[in-house]
Amino acid sequence: MSFESGHWYTRDGKARHTQPTTSRTAKSPTRPTRLADAVKDKLLPSVSAITKMLSAPGLEVYKMRKLAECCFNNPAHPGEEMKGYINNMIEKSSGDAGSAADLGTLIHKCIEDYFNHGSYENKEVDLSTGKTCMLSEMVEPAIDKWKSLSLKVSNSEKILVSGRYGYAGTTDIIWSSFTNYGVLDWKSKRTDKDKEIDSIDTHVMQIAAYIAAHWSEHDSVTPFGQHAKGYNMYISTTEPGRVELKEYSYKTLINAWEDFNCLCQLWRSRNEYDPRF
């Protein structure tokens, strides 16, 4: 299993997600960075590239349901070839996931603009439920929840690099308080009414990896101290206004870090590339 393209970073913390195209007939001046490019330029994989080594059962079930639903609603035409039909259904069923990702990106951008400039562009957006709402209906509750934590923002949208462990990534919020320090990441998520939002293992690993990269203690058994704490802020894209905060203790983060470290080793082995320095 080789991770061919995705988010990559230089050793000095610059994003290198794309490469210039050399073909004169190319439709775009850039293309996604691939593993061969990373090896050549000694780039670091993103945290999410490493966590993708672990399957996400919930996501896979969702994809299978969407594909089955798409096939049920769009039966094959008489004489239609199976290969073409399957490809069409896969493309059609993935469209909803793309729309959800776009909405998540919009929400994230609004929050980023709020922290950087104190305001954001509010507009009406389409939901996967067939309804519409204003972005503020999802963004403002998340900002209010953040304010209730009374934490100090040290950095936002900061690229973190770990040469010791060979990865990098962009974290949403680095925060501190009188007694703790840590990272908070915003996550948009489809939710069901009256059903609790569960934390995802890879999300906790991501938080632990960011903390390790920023507060690495080289002379200790673990890469960060006992006052570390993490948060995920889940913002519902199906129930506007619903926001749930998940808090991760030092013990939870250490367990997640150990799992992430195993995935780092698996990533290096599968890709035959060791980006550590």
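Procedures and definitions
Residues numbered from 1 in each chain as written. Predicted model: local features only at pLDDT ≥ 70, side-chain atom pairs only at ≥ 80, totals over all residues. Heavy atoms only, no water. Helix = DSSP H or I, 4+ residues; strand = E, 2+ residues; numbered from the N terminus. Buried < 20%, exposed > 50% of the residue type's maximum accessible area, 1.4 Å probe, protein only. Phe/Tyr/Trp six-rings, centres within 6.5 Å; stacked < 30°, edge-to-face > 60°. Pairing = 2+ DSSP bridges. 1 Å grid on protein atoms, 1.4 Å probe; cavity = no way out; pocket = protein on both sides within 12 Å on 5 of 7 lines; lining within 4 Å. Points joined across faces, edges and corners; volume = space filled by probe spheres on them.

J.: So what's going on with unusual backbone geometry? Which residues, and what values?
T.: Unlike most non-glycine residues, Glu157 shows phi in positive territory, near 50 degrees. Tracing the backbone shows Glu157 in strand S7 (residues 152-162). Looking at Glu157, the relative accessible area reads 25%, which means it is partly exposed.

J.: Outline the packing of aromatic side chains, listing residues and values.
T.: Across all of its chains, the model carries 12 aromatic pairs by this definition. Pairing Tyr165 with Trp257 gives two aromatic rings, centres 4.7 Å apart and planes at 80 degrees, and the pair type is edge-to-face. Placement of the pair is Tyr165 in the loop between S7 and strand S8 (167-176) and Trp257 in helix H8 (residues 250-271), with a sequence separation of 92 residues. The pair Tyr165 / Trp257 is uniform in exposure class, with both members buried. Judged by centre distance (5.5 Å) and plane angle (45 degrees), the ring pair of Trp175 and Tyr231 falls under tilted. Here the residue Trp175 occupies a position in strand S8, and Tyr231 occupies one in strand S10 (residues 228-236), the gap between them amounting to 56 residues. When its relative accessible area of 1% is taken as the criterion, Trp175 is described as buried. Residue Tyr231 is classed as buried on the basis of its relative accessible area of 5%. One aromatic cluster is present, built from ring pairs that chain together Tyr114, Phe115, Trp146 and Trp186.

J.: Just give me the short version of the environment of Leu253, but keep the residues and values in it.
T.: You can see Leu253 is positioned in helix H8. Distance in space between the C-alpha atoms of Leu253 and Thr170 is 18 Å, their sequence separation being 83 residues.

J.: Account for the pairing of S7, with residues named and values stated.
T.: Two elements, S7 and S8, share 9 bridges in a ladder whose sense is antiparallel. Its bridge partner lying in S8, Val161 is registered against Ala168. Turn length for the S7-S8 hairpin, with the two strands adjacent in sequence and antiparallel, is 4 residues, and the turn residue Gly166 shows positive phi of about 80 degrees.

J.: Now, about empty space enclosed by the protein: what can you tell me, with residues and values included?
T.: What the rule picks out here adds up to 1 cavity of 30 Å³ or more. In this structure, the largest cavity occupies an estimated 50 Å³ of space. Considering the residues around the largest cavity, the lining is formed by His108, Ile111, Glu112, Phe115, Ser156, Glu157, Asp172, Ile173 and Trp186. Broken down by element, the lining of the largest cavity gets its largest block of residues, 4 residues, from helix H5 (residues 95-117).

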